[in-house]
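# Geometric and topological summary
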Amino acid sequence: MSSDHENKNLIDFSAIESQAEEWLDGAHVADLQELADLISERLGNPVTIEDHNHNLLSYSIHHDVTDPARRETIMNRRVPQAVISSLWEKGYIQRLMEQDDPVRIPPMNQVGLGERVAIGIRKGEEVLGYIYVLEIHRSIGKEEYVLLKKAAKTVAGMLMERRSQRGPREKGRKEFFWEILLENLNSSRSIIKKAQMLNIALPNTFLVAIIQMPNLEMMDKLKRELPYLLLTKGSLVNGGQSPLWVARENEMIVLLGSNPVSVDGLRTQAENWAREILEQWQEQQTRTKPSVALGGVSQNILEIGRSYQQALQVVKLQEMFHGDDHLPFSYDNLGIYRYLPLLMEKNKSEKYANWRLKRLIKYDRENHTDLIRTLEVFLDSAGRVNVAANRLHIHTNTLNYRLKRISEIADIDLDDANQRVALYLDIKMGKVDDSR
């Protein structure tokens, strides 16, 4: 008896799905505006439909009650940055990007966001946009979730049709970016004119970044998350628009910048962003790590190509000095690493080798020690014994004993600045030769 009672209370989701299909098929909606109104009427609450960059596509117009976030979205045709940042930092956007089911979002009064139910508009693994239902008049339950999923599929079909019409424009954006990266456009006027034709607002202050992921799966994830990673880490997205980027296999090239921001301000923001990117993605990958290379900052659009070439130099050095944790990822901070390839060529042409290091290497090999490593960490630590000892996980007395042995074995005077600089450079260059 209790079994029969429970069965009567079960929701017949297959029937609801059939009703949802009939409801949408029978509506014969012509555009997204009609569809937003239809969803709103069916669910009894205000609805907004956004693209993957949170630009407003349509919204229901039959509701006077709303909240500040929705009001500002409608006025500016885009979700406020503070709202996007909050949704990302609390993990709601990530959930919408990764699942087909609706997600309930609690109120966030600090950014004027009322309680919502949202769903990602998806085509396979790709997120095309989002539907948000502001829960004011009626509560959204499991039955409405089924209807919302069907509505999301209908919107996905409409957005894919739009994309097919917009394809040449997106291709034009990427071709334009390649043109300025490779310096095929040789005047500011020609760059600005073409950017205006493509409706691209170039930032006043910018730099080029190259991001390399260890596998294609992580690269696909980066492509989906890039706008949020830029938007939530300072002024790295120009006016909230989709950033200019191109990708090849596991490498992405992206233009970072915004208006207004100073050269120093952008450099600091970009470096902080790069550090957070590396920390975040390294947590997800233990064996192979991503890498970020930043070109120099400029305010001359003719120098976008130069910033790209500088980022490529950083990439080349990262490949040469693989595993060197002290190698900066920003061209502006490379320091002596900029000169090492030239010094290596000079050493090769002159058949030069540091005789002091040769002695130390020979001693390490014969005695199964690693005094070269001790010397490198000491020099990396600017001669600070406490710092070097901590990095080597040894007592300072042990380090001082090793330094004394290094001086004796290789006839090294660690108080001689000339010797210290030469040893530091030759150790770094020697690591490249060893890896080859």
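Residues numbered from 1 in each chain as written. Predicted model: local features only at pLDDT ≥ 70, side-chain atom pairs only at ≥ 80, totals over all residues. Heavy atoms only, no water.

## Quick look at the packing of aromatic side chains
Across all of its chains, the model carries three aromatic pairs by this definition. Centre to centre, the rings of Tyr130 and Tyr132 are 6.3 Å apart; their planes meet at 45°, and the pair counts as tilted. Comparing Tyr130 with Tyr132 shows no difference in burial state: the two are buried. Against the face of Trp245 rests Lys174, its NZ or CZ located 3.6 Å from the ring centre. (Phe/Tyr/Trp six-rings, centres within 6.5 Å; stacked < 30°, edge-to-face > 60°. Buried < 20%, exposed > 50% of the residue type's maximum accessible area, 1.4 Å probe, protein only. Lys NZ or Arg CZ within 6 Å of the ring centre and 35° of its normal.)

## Here we look at the sheet that holds strand 2 (residues 56-59)
Backbone hydrogen bonds are what pair the strands of a sheet, in a parallel or an antiparallel way. A sheet is described by the order of its strands in space; here five strands give the open sequence 2-1-5-4-3, paired in antiparallel fashion. Unpaired on one side and paired on the other, strand 2 and strand 3 (103-105) mark the two borders of the sheet. Direction aside, the axes of adjacent strands within the sheet are offset by 25° on average. Here three bridges tie strand 3 to strand 4 (residues 116-123), and the two strands are oriented antiparallel to one another. (Pairing = 2+ DSSP bridges. Helix = DSSP H or I, 4+ residues; strand = E, 2+ residues; numbered from the N terminus. Axes fitted to C-alpha atoms, helices over the stretch in contact; angles between N-to-C directions.)

## Describing the pairing of strand 4
With seven of eight residues buried, strand 4 lies mostly within the body of the structure. Relative to strand 5 (residues 126-134), strand 4 is paired through eight bridges, and the arrangement is antiparallel. Each residue of the ladder has a partner; that of Gly120, found in strand 5, is Tyr130. What sits between strand 4 and strand 5 in their antiparallel hairpin is a turn of two residues, with Gly124 showing a positive phi close to 65°.

## Looking at the confidence of the model for the protein
For any part of a model where pLDDT is low, the fine detail of the predicted coordinates should not be relied upon. Residues of the protein with pLDDT of at least 70 account for 86%, and the chain-wide mean is 84. The least confident element of the protein is helix 1 (residues 2-9), whose mean pLDDT is 41; the most confident is strand 3, at 94. (pLDDT = per-residue confidence, 0-100.)

## Section: the nonpolar core
For soluble globular proteins, the rule of thumb is that nonpolar side chains tend to be buried together. Among the nonpolar cores identified, the biggest contains 57 residues, and Phe176, Leu202 and Leu375 are the most heavily contacted of them. With seven residues, helix 11 (residues 304-320) is the single largest residue contributor to this core. With near-sequence residues (within four places) excluded, Leu375 lies in contact with Leu357, Leu360, Ile406, Ile412, Leu414, Leu423 and Ile427. Ranked by size, the runner-up nonpolar core spans 45 residues in total, among them Trp88, Ile93, Leu229 and Val292. (Core = buried A, V, L, I, M, F, W, Y, C linked by side-chain atoms within 4.5 Å. Contact = heavy atoms within 4.5 Å.)

## Thoughts on the pattern of salt bridges
Under the definition given, this model contains 17 salt bridges. With a shortest N-O distance of 3.1 Å, Glu115 and Arg104 are connected by a salt bridge. Taken together, the residues span a long stretch of sequence, with Glu115 in the loop between strand 3 and strand 4 and Arg104 in strand 3 at a distance of 11 residues. A relative accessible area of 29% places Glu115 in the partly exposed class. A salt bridge links Glu251 to Arg248, with the nearest nitrogen and oxygen atoms 2.8 Å apart. Taking relative accessible area as the criterion, Glu251 reaches 10% and is therefore assigned buried. Connected through salt bridges with shared partners, the residues Arg104, Glu115 and Glu135 form a single ionic network. (Salt bridge = Lys/Arg side-chain N within 4 Å of Asp/Glu carboxyl O.)

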